[in-house]
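# Reading the structure
Listed here are the chains, written in short residue letters.
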Amino acid sequence: MLTQDQMKLAAAKKALEFIPENAVIGVGTGSTVNLFIDQLGTIKHLIQGAVSSSEATTERLKALGIPVLDLALVDELPVYVDGADEINHYLHMVKGGGGALTREKIVAAVAKEYICIADETKYVTVLGEFPLPVEVVPMARSYVARQLERLSTSGSRVHPELRMAAGDKVFLTDNGNYILDVHGLQIAEPVSLESKINQIAGVVTNGLFAQRRADVLLLGTQSGVEVKR
């Protein structure tokens, strides 16, 4: 039986087949993407470089000798490769467990094709078991939390929690903002909920990737990598 890490690695290796030569590609953030970056290092001579979605990814790319470019200097990205905390059969995703959701959304918006790499434990029928990250401007934390609580229904209570880092310090994104992790959601309509949350004053963005969903899912399973479009 394959471990979760082995399924992640299989998906990461499969992603190399989707990388065009002599191109600048977008690279996401997270444990599965780290495995992809390691694989990307083996073909770094075939690409021009990468646009990174986080400081952590930038460091990992540079350590392997892969040039990291500023998105403002890139006209287009043929491919963006990233993971997911949850993904459904429509290829809508919940992301942001690593806190890089805003930059991930920006890079994904520029990319022509979004390749999601994940293992089968991330493939779900209904999104929401994984808490939905919402990046907020610090001064708006309490206001946004109250607005999010209003998403509660008779069947579920929505509970936003401020994400903390080590040493009882508030977790800060690369943009200097806070994250509220929203528990208790059952997300039946991801596209509309993404828009609704983003309209709350003080929200930078939320971890629903539904309006810009994945184009291809490379799903590592016990029987190999499944390609879903």
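See the structure printed just above.
One structure accompanies this document, and this report is about it.

The rules behind each value
Residues numbered from 1 in each chain as written. Predicted model: local features only at pLDDT ≥ 70, side-chain atom pairs only at ≥ 80, totals over all residues. Heavy atoms only, no water. Salt bridge = Lys/Arg side-chain N within 4 Å of Asp/Glu carboxyl O. Buried < 20%, exposed > 50% of the residue type's maximum accessible area, 1.4 Å probe, protein only. Patch = residues over 30% accessible without salt bridge, like charges linked within 9 Å, V, L, I, M, F, W, Y side chains within 5 Å. Areas by Shrake-Rupley, 256 points an atom, 1.4 Å probe, with all protein chains shown as cover. Helix = DSSP H or I, 4+ residues; strand = E, 2+ residues; numbered from the N terminus. Pairing = 2+ DSSP bridges.

This next bit is on the pattern of salt bridges. Applying the stated criterion across every chain yields a total of 11 salt bridges. Across the pair Lys-95 and Glu-104 runs a salt bridge, and its minimum N-O distance is 3.3 Å. The class of Glu-104 is buried, set by a relative accessible area of 3%. Between Asp-215 and Arg-212 there is a salt bridge, with the nearest N and O atoms lying 2.9 Å from each other. Through salt bridges with shared partners, one network takes in Asp-82, Lys-95 and Glu-104.

Together, Val-137, Met-139 and Val-204 line one region of the surface with nonpolar side chains, adding up to about 300 Å² of accessible area. Within the secondary structure, Met-139 sits in the loop between β7 (132-136) and α5 (141-149).

What follows is about the sheet that holds strand β13 (residues 208-209). With respect to topology, three strands assemble into an open sheet ordered β4-β5-β13, the strand pairing being antiparallel. The two strands at the open ends of the sheet, each matched to only one other strand, are β4 (86-87) and β13. Here strand β5 (residues 93-94) runs beside β13; their pairing, made up of two bridges, is antiparallel. In the strand pairing of β13, Met-93 is matched with Phe-209.

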